[in-house]
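Single-letter residue listing:
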Amino acid sequence: QVQLVESGGGLVQAGGSLRLSCAASGRTLSTYAMGWFRQAPGKEREFVASITWSAGLTGYASSVKGRFTISRDNAKNTVYLQMNSLKPEDTAIYCCGVRNTVTSVWQYWGRGTQVTVSS
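In this report, we go over the structure that sits alongside the text. (Residues numbered from 1 in each chain as written. Predicted model: local features only at pLDDT ≥ 70, side-chain atom pairs only at ≥ 80, totals over all residues. Heavy atoms only, no water.)

### Overview of unusual backbone geometry
A positive phi angle, close to 50 degrees, is found at Ser85, a residue other than glycine. Structurally, the position occupied by Ser85 is in the loop between strand E8 (78-83) and strand E9 (92-100). Residue classification places Ser85 among the partly exposed positions, given a relative accessible area of 41%. A positive phi angle is found at Ser104, which is not glycine, with a value near 65 degrees. (Helix = DSSP H or I, 4+ residues; strand = E, 2+ residues; numbered from the N terminus. Buried < 20%, exposed > 50% of the residue type's maximum accessible area, 1.4 Å probe, protein only.)

### Structural notes on the pattern of salt bridges
Oppositely charged side chains may form a pair once their charged atoms are brought near each other. The tally for this structure, following the rule as stated, stands at 3 salt bridges. Of the charged contacts in the structure, one is a salt bridge between Glu46 and Arg38, with a shortest N-O distance of 2.6 Å. Residues Asp90 and Arg38 are paired through a salt bridge, measuring 2.9 Å at the closest nitrogen-oxygen approach. Of this pair, Asp90 sits in the loop between E8 and E9 while Arg38 sits in strand E4 (residues 32-39), and the two are 52 residues apart along the sequence. Each of the two residues, Asp90 as well as Arg38, counts as buried. (Salt bridge = Lys/Arg side-chain N within 4 Å of Asp/Glu carboxyl O.)

### Some remarks on the environment of Leu20
Tracing the backbone shows Leu20 in strand E3 (residues 18-25). Sequence-wise, Leu20 and Val102 are 82 residues apart; in three dimensions their C-alpha atoms are separated by 26 Å. Not counting residues within four places of it along the chain, the set of residues in contact with Leu20 comprises Ser7, Gly8, Gly9, Trp36, Val79, Tyr80, Leu81, Met83, Tyr94, Thr113 and Val115. (Contact = heavy atoms within 4.5 Å.)

### Overview of the nonpolar core
Counting residues in each nonpolar core, the largest one holds 31 residues, and the members touching the most others are Leu4, Met34, Trp36, Leu81, Met83 and Tyr94. Mapped by element, the contributors of at least two residues to this core are E3, E4, strand E5 (46-52), strand E7 (68-73), E8, E9 and strand E11 (113-118). (Core = buried A, V, L, I, M, F, W, Y, C linked by side-chain atoms within 4.5 Å.)

### Digging into the sheet that holds E8
The strand order E1-E3-E8-E7 describes an open sheet built from 4 strands, whose pairing is antiparallel. A strand with exactly one partner marks an edge of an open sheet, and here the two such strands are strand E1 (3-7) and E7. Strand-to-strand twist of the sheet, defined as the mean angle between neighbouring strand axes without regard to direction, takes the value 15 degrees. The pairing of E3 with E8 spans 6 bridges and is classified as antiparallel. (Pairing = 2+ DSSP bridges. Axes fitted to C-alpha atoms, helices over the stretch in contact; angles between N-to-C directions.)

Spelled out as structure tokens, the structure:
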């Protein structure tokens, strides 16, 4: 089992920045990837970014590429999402997840943190 706790959400004006954190506990993550998804009201959950735990390979949704950066701190078992140049359409609940890199299944999820971008 892996437990995930997100933090860092809040209210920010358009053009501003926020950094989200996701702290993982419970088991070793060497064969996993971690990532962020978001869900806005009335919309489907969408992928935002991911990073493999061992090699640090990253992937981004086209809508956030160049504005968001995902990173990890292996010693702290924590993944970060630095969000710059925020837009009102980035408003959503952001959830952190863990993907098994062998099965490609997203197995564990946090409860999420609200990000609201005002225009």
